[in-house]
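These are the residues of each chain, in order.
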Amino acid sequence: MSFRRLLLVLPCLPALLGAAPADYFGIHVIDEQTGLGVPLITLKTTNHIALTTDSAGWIAFDEPGLMNQAVYFSVEGPGYVMPKDGFGFVGMRLTPVAGKSVEIKVLRTNIAERLCRLTGQGIYRDSTLLGHEAPLPSPNLFADVMGQDSVQVVSWKGRYFWIFGDTNRPNYPLGNYHSTAAWSDAPDKGGLDPEHGIHFEYITDENGAVAKMLPMEEPGAVWLFGMHTVMDAAKKEHLMAHFSRWRDLGKRLEHGLAELNESTGRFQRTTVLGDEFDWQHPQGNAVRTKGENGDWIYFSTPFCRTRVKASYDSVLNTSAYESLAWSAEQGDYVWQQAQKPTTQKDEAILIAAKKMPEEKARMQVVDAQTGKPVHLHAGSVHWNKHRERWVMIAVQEGSAESYLGEVWYAEAKQIEGPWRKAVKIATHPKYSFYNPSHHAFFDQQDGRLIYFQGTYAETFSGNPIATPRYDYNQILYRLDLEDERLKAARVD
């Protein structure tokens, strides 16, 4: 290379070689109560440059023209706040210097603690740029997963088996729309403590991208819900789910039962159901219970209004499913097979028409603080050893803050309820956090600490601005059931 060419290339070397950690100013946003980094906190300059913390709460800042001088950053994030100044601004003035770092403390107003993003690209982007070690082996892109929808998980073959809905990929918005699967290990068997995330080992195809878990020739998105395991008469375990194929959110093209074929590692259709079977199948989040009449599988949507005996033959038989419905003749709820399940809205109508006494209601949940009704859309129910109660984590439909972004906690003595009072544990103003699911297998301290995840998305929110990297991905929260603010929801 000539000396003249070398002079031309030298100014470009930093860009060619990539920036080093010493080139960035590190901003670490932490929870002032726990000292842990807080994900999903957005800092904005006065000219609206927006930067959002990664899963460890870090931002790597290197903006030409704004280094080595005072820069004001506004600070905002769902469920966390800072004090306002005299003019009503919320933020902090910093002086970005390459190679240096600063700490910003935020106060958590959420009862639930936001821990990390579980899926997508750039989970630990800023940590990586700053040279910090990440807990995941592939912290910024694995199996081409850019975005990932609602989750289902079961314990299977000594590990956890996860199913996700639609998955976006880098090369095109329409990535895998035939469900995606992954494996992970339990924390006591080599897996991560959930505080640090989950190491998903995605099932991939021959190209290294996430595989279609229910391949079909017919068009449409394919989703799996109500995933669970059951034994047959020969004591063989089967992994089952309900499948549905959709043209769009308003038009279902096909539905039925699917089973994992262990030889192929993919689900296959076992039964196609007619549209008249609108509730006689797995759905929502499945939870297994033991009773005097044997084991049952209940399906939380979020209320457990349908169930089936926990046997392979029963799951395959639509006439074996039972629904919880109001009986005017008996003046109470009954498990039966003839009528569709009574919903929360149905129950409110019956009470208003004086066809059901209020004291018989099972689903008329109210805000424990205000007494206002809370209409719940989706969630999960699990037995909690610490509370010795059934606990529900569910998202509200149609609140003033967000259409599907407010998450609530409730408890009951029986899985069927009654569910009476709820406390809001997480908020996502003008954003969605739908299909939350409590992972009871992660419970710690005999259930005092519980973990739940949900889909963070601008979908259904009316918000025209999606949060970069976080949008359409899974976020994990932790809830301490001894938090004083939850006492209002307790059932004693």
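Residues numbered from 1 in each chain as written. Predicted model: local features only at pLDDT ≥ 70, side-chain atom pairs only at ≥ 80, totals over all residues. Heavy atoms only, no water.

## Observations concerning the overall build of the chain
Let me state the cut-off plainly: Helix and strand definitions here come from DSSP, where helices need a minimum of 4 consecutive H or I residues and strands a minimum of 2 consecutive E residues; each element is numbered from the N-terminal end. Burial here depends on accessible area, computed with a 1.4 Å probe over protein chains only, as a share of the maximum for the residue type. Under 20% is buried, over 50% is exposed, and the range in between is partly exposed. Only heavy atoms matter for contacts: two residues are in contact if any of them lie within 4.5 Å across the pair. Using the Shrake-Rupley algorithm and a 1.4 Å probe, accessible areas are obtained, with residue cover drawn only from the displayed protein chains.
Scanning the chain from N- to C-terminus turns up five helices and 33 strands. Oriented by its inertia axes, the alpha-carbon framework of the chain measures out at about 90 × 55 × 40 Å. Counting the 492 residues in the chain, one finds 52% classified as buried. If you take every contact in the chain between residues at least 6 apart in sequence, the share linking residues at least 24 apart comes to 57%. Of the roughly 22,800 Å² of accessible surface on the chain, a fraction of 51% belongs to carbon and sulfur atoms.

## A closer look at the packing of aromatic side chains
Going by this rule: The pairing test for Phe, Tyr and Trp rings, Trp by its six-membered ring, is centres within 6.5 Å, and the orientation test on the planes gives stacked under 30 degrees, edge-to-face over 60, and tilted for anything in between.
Summed over all chains, the structure comprises 24 aromatic pairs. The interplanar angle of 65° and the centroid separation of 5.0 Å between the aromatic rings of Phe161 and Trp183 together place this pair among those described as edge-to-face. Here Phe161, found in strand E12 (residues 159-164), pairs with Trp183, found in strand E15 (residues 180-184); they are 22 residues apart in sequence, far enough to count as distant. Pair check on accessibility: Phe161 and Trp183 agree, each one buried. With 5.4 Å between their ring centres and 5° between their planes, Phe452 and Tyr477 make a pair best called stacked. Of this pair, Phe452 sits in strand E32 (residues 449-457) while Tyr477 sits in strand E33 (residues 473-480), and the two are 25 residues apart along the sequence. No difference in accessibility class separates Phe452 from Tyr477, as the two residues are buried. The rings of Phe142, Tyr160, Trp162, Phe164, Phe200, Tyr202, Phe441, Phe442 and Tyr451 are connected pair by pair, giving a single aromatic cluster.

## Side note on the sheet that holds strand E13 (residues 167-169)
The strands that make up a sheet pair up through hydrogen bonds in the backbone, lying either parallel or antiparallel. Heads up, the condition is: The criterion for strand pairing is that DSSP finds at least two bridges linking the strands in question.
One open sheet holds the three strands; their spatial order is E10-E13-E14, and the pairing between them is antiparallel. Bordering the open sheet on either side are strand E10 (147-148) and strand E14 (172-176), each of which pairs with just one other strand. As paired elements, E13 and E14 share two bridges and run antiparallel to each other. The partner of Thr167 across the bridge, within E14, is Asn176.

## Some thoughts on the pairing of E15
Across the five residues of E15, five count as buried, placing the element largely inside the fold. Taking every second residue as pointing to the same face, both faces of E15 are buried, with Thr180, Ala182 and Ser184 on one and Ala181 and Trp183 on the other. Where E12 and E15 come together, five bridges link them in antiparallel fashion. From the neighbouring strand, Phe161 faces E15, where its bridge partner is Trp183. Relative to strand E16 (residues 201-202), E15 is paired through two bridges, and the arrangement is antiparallel. Bridge pairing links Trp183 to Glu201 in E16.

## So, the pairing of strand E19 (residues 251-261)
With eight of its 11 residues buried, E19 lies for the most part within the structure. The sheet contact formed by strand E18 (residues 237-248) and E19 spans eight bridges and is antiparallel. What sits directly across from Phe243, in E19, is Gly256. From the end of E18 to the start of E19, which pair antiparallel, there are two residues. With seven bridges connecting them, E19 and strand E20 (residues 266-273) associate as antiparallel partners. Residue pairing in the sheet places His255 in a bridge with Leu273 of E20. As consecutive antiparallel partners, E19 and E20 are separated by four residues, and within that stretch Gly265 has a phi angle of approximately 75°, a positive value.

## What to know about unusual backbone geometry
At the junction of Thr301 and Pro302, the peptide bond is cis and its omega measures out at 0° in the coordinates. Along the polypeptide, Pro302 turns up in the loop between strand E22 (294-300) and strand E23 (304-309). Note the cis peptide between Gly417 and Pro418, where omega equals 10°. Inspection of the secondary structure assignment puts Pro418 in the loop between strand E29 (407-412) and strand E30 (421-426). Residue Glu388 is not a glycine yet carries a positive backbone phi of 50°. Here Glu388 shows up in the loop between strand E27 (376-384) and strand E28 (389-396). Although it is not a glycine, Phe460 sits at a positive phi angle of roughly 70°. The residue Phe460 is located in the loop between E32 and E33 in this model. According to the relative accessible area criterion, Phe460 is partly exposed, its value standing at 41%.

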